[in-house]
Each structure stands twice: as C-alpha cells, then as structure tokens.
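# Overview (structure and organization)
The lines below spell out each chain.
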Amino acid sequence: MEPWYIDINCDLGEGIGNEAQILPLISSCSIACGGHTGNKDTLFEIMRLAKEHGVQVGAHPSYPDKVNFGRKTMDISFHDLKKSLHQQLHLFQAVSEELNVPVSHIKPHGALYNQVAKDESLALFFLEVVKNTGLCKRIYAPYGSVIADLAAKEGIAVSFETFGDRNYTEDGNLVSRTNPNALILQPKRVLQHILPMIKKGTLFTLFQKKIETRTDTICIHGDTETALKILLYLSKELPKHNVLLNK
C-alpha cells in the first residue's frame, strides 16, 4: 500500500524558545514577524535553524496586538492593518533574502486567521496584501473557508490546514481557547485526532460529530505546553500507520 504523506507545521518564534528541539521533527513552520510577537533577531535565528534542518519557512503575520497576542479581534482600519502587514511581511522578506531561504507560504495568526476564514471583505483584503508583497503564492487556510475559496480566483494556492492539538466545534470551527477543552495535550489523543483527517478526510469534533475535511498540513502549535512531547510521539507512531512526513 502506498503511504500517506503529510506536512506537519508549527507556529514558531512566539517566545517559547523550543525551536531547536521542534524543527527536526516537522516539515514546515510559520514564524511570527512582529505583529503579535517576534522581531528581526528571532526571525533570523529560527529561519537559520529551519534552513539547517530542511524545513520550509512561512510568514506568520498578525493583527498588531502584542497585548492580546493577536488572539482577539481588533478594531482597526484596513489602511492601518495594511500598513502593519506590509511592515511584518517586508521584515520577513528581508531576513529570508539575507539567509537565502525561499518563502513557501503565508499563514495569518490567531484572530486574523479565524476572521479571514469567514469574512469575505477581510479575506479579499488579506489576499490582496499577499499578492502585493510578492513574497509567495501560497497560504495556509482551513478547508471550506471563505479565504480558501477566494484564493483560487486570485491565483493563490492553498494548503488546507487542520489542527492536531485543538478541538473543533460542531460547525467545524476551533473551540475557543477560553474553553477548558480547547486544547488536546495528550500525544496519543493527538494521533487519534489526526489519523482520520489524513486517511479518510474526516474530522471528529469535540462531541464526535463527523465533518468532511481536506488536510494538506497539520499544525501543532509551538506554544502548546506538550508540543515537543506530541511531535516526538508522532515522529515515532505515524510511520507505524503508514504515514510519512512530507519532507
């Protein structure tokens, strides 16, 4: 039987400092570039490590909101948001060019990610920003999201993303981080969560409702407290299920 290949990505550069341990275990990463956290020094160091380990690199822009770590919807004009996103992405581009690292994708962070998934005007705005930077022609986004559907019309490729360390609601959204059941911290439970996504295109919600999905890349958040344990476990267990890292 042919194996299943999957990309496993992490959001990095968010202040945890575990990148050197995580990068050998993943195939792509999205690096914070100054919106919710991060700066030129963190970008440089993590991108350098990613290059060393053959990990694809993407930008992880956010609302300019360090106080709330980019995880709350921000009341900001498109003009001001565009200015911030351009600053973040140009910083990312400058470091990538300095290190001669190709940029594989752009993945919005936190509240911005959740909003462009359902808000057409914001999604079109974000895609226009992506095109204008010329940084890359791929985004990470949920299957069936507004931004994923619009991207094809804008000539931007999509890697459909699901989350291995997060539970989903009955309507297919992520369970809010205010809910004590938002995170999946047990490595074995993460494996059980992602195998149906990879092999059958099936996502099981918090209450075990089956939802159709497509998964090109699975995110394990770098700031999840058990992220390293999860990734070490997956690196050992996934091959037993004929699932290989797309690296």
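Just so it is clear, the model here is predicted, and its values are computed rather than measured.

Here we come to the nonpolar core. Ranked by size, the top nonpolar core spans 70 residues in total, and within it Ile26, Cys29, Met47, Phe92, Ile139, Ile220 and Leu234 carry the most contacts. Per element, the largest residue contribution to this core is seven residues, and it comes from helix H5 (residues 120-133). Here Cys29 is in contact with Cys10, Leu12, Leu23, Ala50, Val55, Gln56, Val57, Gly58 and His105, once residues within four sequence places are set aside.

Moving on, we get to the environment of Pro142. Inspection of the secondary structure assignment puts Pro142 in the loop between strand S5 (138-141) and helix H6 (146-153). A relative accessible area of 21% places Pro142 in the partly exposed class. Here the alpha-carbon distance between Pro142 and Met1, two residues 141 residues apart in the chain, equals 28 Å. Residue contacts for Pro142: discarding those within four places in its chain leaves Tyr113, Ala117, Ala148, Phe160 and Glu161.

Let's shift gears to the side chain of Ser159. Note on placement: Ser159 falls in strand S6 (residues 157-163). Once you skip the residues sitting within four places of it in the chain, Ser159 turns out to touch Arg138, Ile139, Tyr140, Ala141, Asp216 and Thr217.

Next up on the list: the pairing of strand S4 (residues 103-106). As defined by bridge partners, strand S3 (residues 56-60) adjoins S4 across three bridges and the pair is classed as parallel. Across the sheet, the residue bridging to Gly58 is His105, located in S4. Where the polypeptide runs from S3 across helix H3 (residues 78-99) and back to S4, its parallel neighbour, the crossover connection is right-handed.

When we look at burial in helix H8 (residues 227-237), the residues that qualify are Ala227, Ile230, Leu231, Leu234 and Glu237. What you see down the axis of H8 is that its buried residues fit within an arc of 140°, all on one side. Check the buried side of H8 and you find it contacts strand S1 (4-12), helix H1 (19-22) and helix H7 (187-200).

Turning to the pattern of salt bridges, a few remarks are in order. Throughout the structure, instances matching the rule amount to nine salt bridges. Residue Arg48 is joined to Glu45 by a salt bridge in which the shortest nitrogen-to-oxygen separation is 2.6 Å. Taken together, the residues Arg48 and Glu45, both in helix H2 (residues 40-52) and three residues apart, mark about one turn of the helix. Owing to a relative accessible area of 35%, Glu45 belongs among the partly exposed residues under this scheme. The residue Asp223 makes a salt bridge to Arg71 at a minimum N-O spacing of 2.9 Å. Taken together, the residues span a long stretch of sequence, with Asp223 in the loop between strand S9 (217-219) and H8 and Arg71 in the loop between S3 and H3 at a distance of 152 residues. According to the relative accessible area criterion, Asp223 is partly exposed, its value standing at 23%. Shared partners join several salt bridges into a network, and the residues in it are Asp11, Lys107 and Glu161.

Right, let's talk about H2 for a bit. In a regular helix each residue adds 1.5 Å, so 13 residues correspond to 18 Å; H2 covers 18 Å between its end C-alpha atoms and thus fits that length. Every buried residue belonging to H2 is among Leu43, Ile46, Met47, Leu49 and Ala50, and all of these are buried. Down the axis, H2 shows its buried residues gathered within 160° of arc, on one side only. Across H2 from its buried face, at more than 90 degrees, point the exposed residues Asp41 and Glu52. Looking at the buried side of H2, the elements it contacts are S1, H1, strand S2 (28-32), S3 and H3. Gly54 sits one or two residues past H2 and shows a positive phi near 70°.

Parameters and conventions
- Residues numbered from 1 in each chain as written.
- Predicted model: local features only at pLDDT ≥ 70, side-chain atom pairs only at ≥ 80, totals over all residues.
- Heavy atoms only, no water.
- Core = buried A, V, L, I, M, F, W, Y, C linked by side-chain atoms within 4.5 Å.
- Buried < 20%, exposed > 50% of the residue type's maximum accessible area, 1.4 Å probe, protein only.
- Helix = DSSP H or I, 4+ residues; strand = E, 2+ residues; numbered from the N terminus.
- Contact = heavy atoms within 4.5 Å.
- Pairing = 2+ DSSP bridges.
- Right-handed = clockwise from strand over helix to strand, strands pointing away.
- Arc of directions from axis to C-beta.
- Salt bridge = Lys/Arg side-chain N within 4 Å of Asp/Glu carboxyl O.
- Expected span 1.5 Å × (residues − 1).

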